[in-house]
Amino acid sequence: MKFSVYRYNPDTDDEPYMQGFEVELRQGMMLRDALLAIREQDESFTFRHSCGEGVCGSDGVNVNGSNKLACITPLTELKEPVVVRPFPGRPVVRDLVVDMSQFYTRYKQVDPWLIRKEPMPEREILQSPEERDKLDGLYECIMCGCCSTSCPSFWWNPDKFLGPQALLSACRFLADSRDQAGEERLDKLEGPYKLFRCHTIMNCVEACPKGLNPTKAIGHIKAIMLKDAI
Amino acid sequence: MALEKQRFDTLILGAGGAGLNAALQLANANLKVAVVSKVFPTRSHTVAAQGGVNAALANVLPDNWHWHMFDTVKGSDYLGDQDAIEYMCREAIPTVYELEHNGVPFSRLTNGKIYQRAFGGQSQNFGGEQAARTCAAADRTGHAILHTLYQQNIRAKTHFYDEYFAVDLIKDKEGIVVGALVLNIATGEPLLIESTTTLLATGGCGQVFRTTSNAHINTGDGMAMVLRAGLPLMDMEFFQFHPTGIAGKGMLITEGVRGEGGYLINKDGDRFMEKYAPNAKDLASRDVVSRSIVTEVRDGHGCGPEADHVMLKVNHLSEDVIAKRLPGIRESSRIFAGVDPVKDPIPVFPTAHYVMGGIPTDRFGRVMPTSEDNGEHLPGLYAAGECACASVHGANRLGGNSLLDILVFGRLAGHNIIDYVKDNGTHRPLDEAAVEQAMGRLARWENKGEGLSVSQLRNEFRKTMEDHAGVFRVEEMMAEGVEKVRQIREKLSDVRLTDHSSTFNINRTEALELENMIDVGLSIAVSALHRKESRGAHSRPDYPKRNDAEWMKHTLYWQENDKLDYKGVRVQPLTVESFPPKERVY
């Protein structure tokens, strides 16, 4: 199978270039396996990866124009030549490795932790299965960055718009019956940019390798704000 | 150029469950704490834990910590230290409540309490009916816990060094650990972190085997650092092969599948575990189930064209149970095995999963340097989690006790470090010779020229470990394995990097990881060769019986001359009566 991969090493290259590789296909092979096979041919080829089963979120890349997790993307789903690039809109560190620090900063901005004002009970805080169901589709985020780096609003305003990942996380805490900082959370999302730069383009939904729906989560936050405003 | 230095009260190596739970206690107590991780914290392998964490909350069935303790001692094949086990099983309960308070999205029962499922090796009333002790967030419990701990650490303003690789521990002239040399992966710059206390929380070493459920990062870095520091590793021969990895691939299918009612079948459709463990059947201990699967396949009852695996049947469960309790497993099975477990059984075979052994600690998380059990420990050096050996798992770990171990002992190490720093807050001057030695480890990889590649030697090494230190082990096969791993270690000096860039050079970190893996692999092979009995996960057809008279003792391995020594099991619990060794049947 033919691959065209993005190469850039700031130590040695003046500018980035695309390089062709050929990889022998085996049954059940994922894109990560192919990237590892390319590494066997050229050990300077650089990308992040770890768990190999789609839970650690290390190996998000742009393949044939879409953001995907390499380890759970079967090669049989991809058209040749397979064009593999780093996430769009992020500064490239080297080859497929991008600097994700701004993405992590946006996440930290939504206070992504449970806030409880009442003293804690001796045992667990009770939560009904129905209340817990509201976290499904929100808590499973693996912070791979496929969504935010495929979002045009995040490309234009990565300094002001929080992006789908951070907003999905904000919604995860707003939706948690145990959390007691809903109002403060909503206040922090006010203004024209942080939340409202989402124009429901829905690239994030397309890109999420875990099947989550950040656009829906953002809509949900908007709906709560509206309800509170009335 | 002068080496950059930073100072902290505490240095934590590793950002999985143990490292982050320790960091949280320390940051909450306003200590200056640095967490060094070679990956962004939520990429740590705790994220992959599926089934759950054991605690006798009694939310579903009657339970208490004493029963949990009995199961753990029995599961350990009587090699676990009973004081540490009692402590862990008692502390399980407040530890899980604290996690819930921190925000972990546990699944719930209709009464609003935390959902608990049945797991292997669990019983009520000291060996009676099946218990339901494993607290779960669907089948993504590790993910839910790791993300929650990271979130709370952001709140507590823990200082993270993300994508820094720990090279070696640094000692002072008296041999006390006073920090570590780390490498900024993005820039290739070394950094010296000085600390009054250091916690090793670097996780496991499953990558030493070719087929493993472990991530690429699980290369035993902390264990190898300890070996190079002249300290021992304990009970390294005890390596757990999880019964249900996806056949040929190794990805994990949680024991929770069997806890929810799934069971194993051979090519004839027989539920073969009834033969090997008449009572507990598919929920027997992991070592028992793994051996049963390998035996079935060896006897010609395997499935598939190569007859090389068995099947895990789930499709008798309702789609609702699978969707609600095992959504991640359904996803993994579809992606990696091409089957939807709602319709078809999942092809499975044992996969290298967990090392019971590790850095010897007492039940306070303090590293113990000798085989004398006299309370001697190294001041300021702690270890917790899979890299450590407290020893709570002995010869075989129970499912659901791994998350428990990392969380309980991570938290405890945090508390003990807080107390230690109160009286020992001053930084000791480091030994420049130790710094030079650690820098030499980096400099070695600057050597240029023709040579072996890292991946060539890594492939050879991992295959050797798989062939010579697997589920069943006989003398000749293991002796050959030890020899081969020694030869592979010799070959390390022939390995050369072709990439010498400073920016994000994973070729260099993989070379450092390979050195670590080979050091740790040899400790496994040598320790295994010398234990002439079958106990827990260490199964020797040439010595098929457990031999308590001669072998109810821990192995200690030092790197220098592959020296071995032994020390007795701590059979005296803290407050209850000891569980004397009995024949272990399920």
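Keep in mind the model is a prediction, meaning the values are calculated, not measured. (Residues numbered from 1 in each chain as written. Chains lettered and ligands numbered in written order. Predicted model: local features only at pLDDT ≥ 70, side-chain atom pairs only at ≥ 80, totals over all residues. Heavy atoms only, no water.)

Draft legend 1. The arrangement of the pattern of salt bridges in detail. If you walk through the whole model with that rule in mind, you get 66 salt bridges over all chains. A salt bridge links Arg 172 of chain A to Asp 176 of chain A; the nearest nitrogen and oxygen atoms lie 3.0 Å apart. The salt bridge partner of Asp 340 of chain B is Arg 334 of chain B, with a shortest N-O separation of 3.3 Å. Its relative accessible area of 11% is what places Asp 340 of chain B among the buried residues. Arg 334 of chain B sits in the partly exposed class, given a relative accessible area of 45%. Residues participating in the shared-partner salt-bridge network are Asp 77, Glu 237, Asp 287, Arg 291, Arg 531, Glu 533, Arg 535, Arg 546, Asp 548 and Arg 584 of chain B. (Salt bridge = Lys/Arg side-chain N within 4 Å of Asp/Glu carboxyl O. Buried < 20%, exposed > 50% of the residue type's maximum accessible area, 1.4 Å probe, protein only.)

Draft legend 2. Summary view of the sheet that holds strand 3 (residues 60-63) of chain A. Residue and element names in this part refer to chain A. An order of 2-1-5-3-4 is seen for the five strands of this open sheet, with the pairing classed as mixed. Two strands in the sheet have a free side with no partner beyond their single neighbour: strand 2 (17-22) and strand 4 (66-69). On average, adjacent strands in this sheet sit at an angle of 35 degrees to one another, irrespective of strand direction. Sheet analysis places strand 3 next to strand 5 (residues 82-85), joined by two bridges and oriented antiparallel. Residue pairing across strands places Val 63 opposite Val 84, the latter belonging to strand 5. On the sheet, helix 1 (residues 31-41) packs against strand 1 (2-7), strand 2, strand 3 and strand 5 and is oriented at approximately 75 degrees with respect to strand 1. (Pairing = 2+ DSSP bridges. Helix = DSSP H or I, 4+ residues; strand = E, 2+ residues; numbered from the N terminus. Axes fitted to C-alpha atoms, helices over the stretch in contact; angles between N-to-C directions. Contact = heavy atoms within 4.5 Å.)

Draft legend 3. A look at the interface of chain A and chain B. On the chain B side, the residues contacting the 57 residues of chain A number 62 residues. Where chain A abuts chain B, roughly 4,800 Å² becomes buried across the two surfaces, and 51% of that area is made up of carbon and sulfur atoms. Of all residues in chain A, Glu 43, Glu 53 and Glu 124 of chain A give up the largest surface area on contact with chain B, accounting jointly for 14% of the area buried on that side. Of the charged contacts in the structure, one is a salt bridge between Glu 510 of chain B and Arg 39 of chain A, with a shortest N-O distance of 2.7 Å. Taken together, the connections running from chain A to chain B amount to 36 residue pairs in polar contact (both at pLDDT 80 or more). (Buried area = accessible area lost by both parts, 1.4 Å probe. Polar contact = N/O pair within 3.5 Å; in protein donor to acceptor, adjacent residues only side chain to side chain.)

Draft legend 4. Broad picture of the nonpolar core. Residues and elements named next belong to chain B. Counting 137 residues, the largest nonpolar core has Val 53, Leu 199, Leu 264 and Phe 409 as its most contacted members. Examining the composition of this core, we find that 11 residues originate from one element, helix 11 (residues 401-423), more than from any other. Discounting chain neighbours no more than four positions away, the residues touching Val 53 are Val 96, Phe 106, Arg 133, Thr 134, Cys 135, Thr 141, Ile 145, Gly 400, Leu 403, Leu 404 and Leu 407. Counting residues in each nonpolar core, the second largest holds 84 residues, with Ala 180, Val 182, Val 471 and Leu 492 among its members. (Core = buried A, V, L, I, M, F, W, Y, C linked by side-chain atoms within 4.5 Å.)

Draft legend 5. Highlighting the domain arrangement of chain B. All names here are of chain B. Split into domains, chain B comes out as domain 1 (1-50 + 66-100 + 137-238 + 356-586) and domain 2 (244-352). Put simply, the middle of domain 1 and the middle of domain 2, counted by C-alpha atoms, are 29 Å apart. Counting from both sides, the interface comprises 22 residues of domain 1 and, opposite them, 28 residues of domain 2. When domain 1 packs against domain 2, close to 1,900 Å² is buried across both sides, 53% of that on carbon and sulfur atoms. A salt bridge links Glu 331 to Arg 140, with the shortest nitrogen-to-oxygen separation between them at 4.0 Å. Our enumeration of links across domain 1 and domain 2 arrives at 14 residue pairs in polar contact (both at pLDDT 80 or more). When its residues are assigned to classes, the side of domain 1 that touches domain 2 shows seven nonpolar, 11 polar and four charged. (Domains from an automatic or database assignment. Nonpolar A, V, L, I, M, F, W, Y, C, P; charged D, E, K, R; others polar.)

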